[in-house]
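The lines below spell out each chain.
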Amino acid sequence: MGSLATGLRRLAFYVGVVFFCFFSASPFLWMIITTFKQDRDLYRPANNPFLFSEPPTLDHIRFLFEDTNYAVFLRNSFFVGVLVVLITLAVAIPGAYSLARLTGRWGARAGIGIFLVYLVPPTLLFIPLSRVVASLGLNDSLWALVVVYPTITIPFSTWLLMGFFKSIPRDLEEAAMVDGYSRLVSFVKVVVPLSFSGIVAVTVFTFTLTLHEFIYALAFVSSSAQRTISVGVPTELIRGDVFFWQSLMAGSALVALPVAIVYNLFLDRLVAGFTLGAVKG
Amino acid sequence: MTGGPVARFRYLTDNEKVLGSVFLFPAIAYIVLLVAIPFALAIAFSLANVTVGNTTLSFAGLENFRRILKTPEFRQSLQNTFFFTIVSQAITLVLANALALILSAEFRGKWLARLLIMLPWATPISLGTVGWLWLLDSKFSPIDWVLRYAHLLGSPDAILGIQKNLYYLGNVDLARASIVLVYVWRMLPLSAVILMAGLTAISQDLLDQADVDGAGFWRTLFQIKLPLILPIMAVASLFTLVFTVGDMAVVYVLTRGGPVYYTQILPTWAFIKGIEAGALGEGAATALFLFPVLLAVVFVVLRASQRTEVT
């Protein structure tokens, strides 16, 4: 009896694992299969869509890079991502240290306030921001995104780094200050190097947030040469009613999968931030 | 303290109040300039006659709100926003609890399972939705192929009808269900990992004691685990709620609000009005209907932070 019940529970457990894996991964599986299919295989409803009735081909990946703006979108996303990471780190590292160490009880409240800013939905702000961007003369330019994205990434990064700085023992800085360093120098020479892994995590999250962002990129940028990947692929690779499905799938999978893999490596730190420090993961 | 400029600089870099303010200033300035002011502008726009062509703000009272409330598109968007958000939240929460229990157990290949399960959250949402767009294609959907293969569709005696396809995004009910499905797909991983953090924080002693006292799997689940992670469930729902309300990529890529305007949501409608048609006032007024959600979020976060006294 007992062993039958445990056996059934194990079976139910693995059915659950397979179900969730399949549910989450199926669009990506479908993307990867589609990418390598020839037209006459793909567009024949009778063919088994999960198998290759014709030999696989790399033509669509070639088409993506040679005949579409995909490479431009990638370059644009990279450009925006790198600049936003630099701005975010320059603002969030000192800000987080200030909230963690220098501002006392008042700092804890300001920390929550900054975190709340991260939760302001971009859907609420994109219309007025489009005018702000226009008045800065940044309409239809990647620089609009460079300026606006830190409003999302600074609050989140400040919050994550604040938790990180708090976990570093105060004794270390105090020892450095006893040795004659000022507060500023001991921060730069002791705290920042010790927080290296936290800063790497923040860099990864900031970069992925800029890749994920859709509304601002759609609202502020309209010319093809200035599109980023998240908007360029779904709007530009669909021409009227003509879909280049294989290239579209290749363009999505080529970005989605690497981003997801890197993101996963830093997941635990993200969760610690999301649980408001209430749970030590 | 009468030294030269060096000592003076030294004094400034040692003074915690000065250094604290200098360090925090850029972050505060950024937020005020590009979040607080635009937010005030959103309110100003909603109360003014303002278009892309004429950006001088002339006070119009509640005229924008009155005008948008009259249109069926807006009412449909409001209704859909609530419907999609609430239904996808409920489904996500139930599934996320199950998934969190699975992921907090140890099993072979767990790292791979976790990687696959996290994919939807880690991927840019617009690109993930493009995958769904093709998965739900009107003619080449592999789901339809499987249904036809199983003789549930496309033959005279099939349960789902004689037609070859179900037209997921062309049929109003199926299009709505598809949007909810994609939101669940997207938010489930985030919700599950947050709940998982709550589950692993439950003390093992407590669970051992329950075991000794003879509590079985379900009893432990419903009387110990779930009540203990209730506050974390609130946190998980909060994030999935904010990210669902803050998104327009799913609807924009999947249906563009169609068929007709039956799957339109507030963000997409605000986009069509405010950006594409240039009616800034009406667009801002439409988007402001998301504000109560934000208020609720502020309330929950502040409550949660008080209870846990953030370390």
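Residues numbered from 1 in each chain as written. Chains lettered and ligands numbered in written order. Predicted model: local features only at pLDDT ≥ 70, side-chain atom pairs only at ≥ 80, totals over all residues.

Peer 1: How should the overall build of chain B be read in this particular structure?
Peer 2: Within chain B, the secondary structure is distributed over 15 helices and 2 strands. What you see for chain B is a C-alpha radius of gyration of 26 Å, clearly larger than the 19 Å of a compact globule of 311 residues, by over 25%. By its C-alpha atoms, chain B is 95 × 70 × 35 Å across when sized along the principal axes. Out of the 311 residues belonging to chain B, those deemed buried represent 43%. (Helix = DSSP H or I, 4+ residues; strand = E, 2+ residues; numbered from the N terminus. Rg over C-alpha atoms; globule rule 2.2 N^0.38 Å. Buried ≥ 20, exposed ≤ 12 C-beta atoms within 10 Å, placed from the backbone.)

Peer 1: Mind showing me how you'd approach the overall build of chain A here?
Peer 2: Secondary structure summary: chain A contains 15 helices and 2 strands in total. For chain A, whose C-alpha radius of gyration is 24 Å, the value lies well above the compact-globule estimate of 19 Å for 281 residues. Along the three orthogonal principal directions, the C-alpha set of chain A runs to about 75 × 75 × 35 Å. When each of the 281 residues of chain A is scored for burial, the buried share is 48%.

Peer 1: Any chance you could explain the domain arrangement of chain A here in plain terms?
Peer 2: Reports of interface size often rely on the accessible area that becomes lost once the parts have come together. Residue and element names in this part refer to chain A. Segmenting chain A into domains produces domain 1 (2-57) and domain 2 (68-274). Distance between the C-alpha centres of domain 1 and domain 2: 34 Å. For the side of domain 1 that touches domain 2, the element with the highest residue contribution is helix α1 (residues 2-35), accounting for 5 residues. Its residues assigned to classes, the side of domain 1 that touches domain 2 comprises 4 nonpolar, 2 polar and 1 charged. (Domains from an automatic or database assignment. Nonpolar A, V, L, I, M, F, W, Y, C, P; charged D, E, K, R; others polar.)

Peer 1: Just to check I follow, could you spell out the packing of helix α4 (residues 70-102) of chain A against helix α13 (residues 229-236) of chain A for this structure?
Peer 2: When two helices pack together, their arrangement is given by the angle between the helix axes and the distance between those axes. All names here are of chain A. In contact at an axis separation of 8 Å, α4 and α13 are set at 155° when each is read in the N-to-C sense. Considering the angle they form, α4 stands roughly antiparallel to α13. Contacts from Phe73, Leu74 and Ser77 in α4 reach Ile229, Gly232 and Val233 in α13. Taken together, the residues of the contact of α4 with α13 break down into 4 nonpolar, 2 polar and no charged. (Axes fitted to C-alpha atoms, helices over the stretch in contact; angles between N-to-C directions. Parallel < 35°, antiparallel > 145°, perpendicular 65-115°, else oblique. Contact = placed C-beta atoms within 7 Å.)

Peer 1: In this structure, what is going on with the environment of Gly198 of chain A? I would like to understand it.
Peer 2: Residue and element names in this part refer to chain A. Relative to the assigned elements, Gly198 resides in helix α11 (residues 196-212). By C-beta crowding, Gly198 is classed as buried, having 23 other C-beta atoms within 10 Å. Each C-alpha atom of the pair Gly198 and Gly163 lies 9.4 Å from the other, and the pair is 35 residues apart in sequence. Every residue in contact with Gly198, bar those within four places of it in the chain, is listed here: Leu160, Leu161 and Phe164.

Peer 1: Before we go on, may I ask you to explain the interface of chain A and chain B in this structure?
Peer 2: Every contact between the two is made by 84 residues of chain A and, on the other side, 84 residues of chain B. The element that contributes the greatest number of residues to the side of chain A that touches chain B is α1 of chain A, accounting for 13 residues. Tallied by class, the residues present in the side of chain A that touches chain B amount to 62 nonpolar, 18 polar and 4 charged.

Peer 1: Explain the nonpolar core here, please?
Peer 2: Nonpolar side chains tend toward joint burial in soluble globular proteins. In terms of nonpolar packing, the biggest core is built from 166 residues, with Leu145 of chain A together with Leu195 of chain B touching the most fellow members. The element contributing the most residues to this core is helix α8 (residues 172-200) of chain B, with 17 residues. Two domains each donate at least three residues to this core, and these are domain 1 (2-57) and domain 2 (68-274) of chain A. (Core = buried A, V, L, I, M, F, W, Y, C linked by C-beta atoms within 7 Å.)

Peer 1: Just checking my understanding: could you explain unusual backbone geometry for this structure?
Peer 2: Both trends apply: most residues other than glycine have a negative phi, and most peptide bonds are in trans. A cis amide bond links Gly258 of chain B to the next residue, Pro259 of chain B, at an omega of 0°. If you trace the backbone, Pro259 of chain B turns up in the loop between α12 (249-254) and α13 (266-276). A positive phi angle, near 55°, is found at Asp140 of chain A, a position not held by glycine. Among the secondary structure elements, Asp140 of chain A is positioned in the loop between α6 (122-135) and α7 (142-148). Located in the positive-phi region is Tyr167 of chain B, a residue other than glycine, with phi close to 50°. Along the chain, Tyr167 of chain B turns up in the loop between α7 (142-149) and α8. For Tyr167 of chain B, a count of 17 C-beta atoms within 10 Å translates into the label partly exposed.

Peer 1: Quick question: what am I supposed to make of helix α9 (residues 204-212) of chain B here?
Peer 2: Every α-helical turn comprises 3.6 residues, leaving residues that sit three or four positions apart pointing alike. Counting buried residues in α9 of chain B gives 0 out of 9 residues, a small share hidden from the surface. Downstream of α9 of chain B by a residue or two, Gly214 of chain B has a phi angle that is positive, lying close to 90°.

Peer 1: What should I look at first to understand the packing of helix α3 (residues 63-70) of chain B against helix α14 (residues 280-288) of chain B in this one?
Peer 2: Residue and element names in this part refer to chain B. Look at α3 against α14: their axes get within 9 Å of each other, and the N-to-C directions meet at 75°. What the angle tells us is that α3 and α14 run roughly perpendicular. Touching Asn64, Phe65, Arg67 and Ile68 of α3 are Gly281, Glu282, Ala285 and Thr286, all from α14. Here the contact of α3 with α14 is composed, by residue class, of 3 nonpolar, 3 polar and 2 charged.

Peer 1: Can you help me understand the confidence of the model for chain A in this one?
Peer 2: Predicted coordinates in areas of low pLDDT are best not read in detail. Mean pLDDT over chain A stands at 86; residues scoring 70 or higher make up 96%. Put simply, strand β2 (residues 242-243) of chain A is where chain A has its lowest mean pLDDT, 70, and α7 of chain A is where it has its highest, 94. (pLDDT = per-residue confidence, 0-100.)

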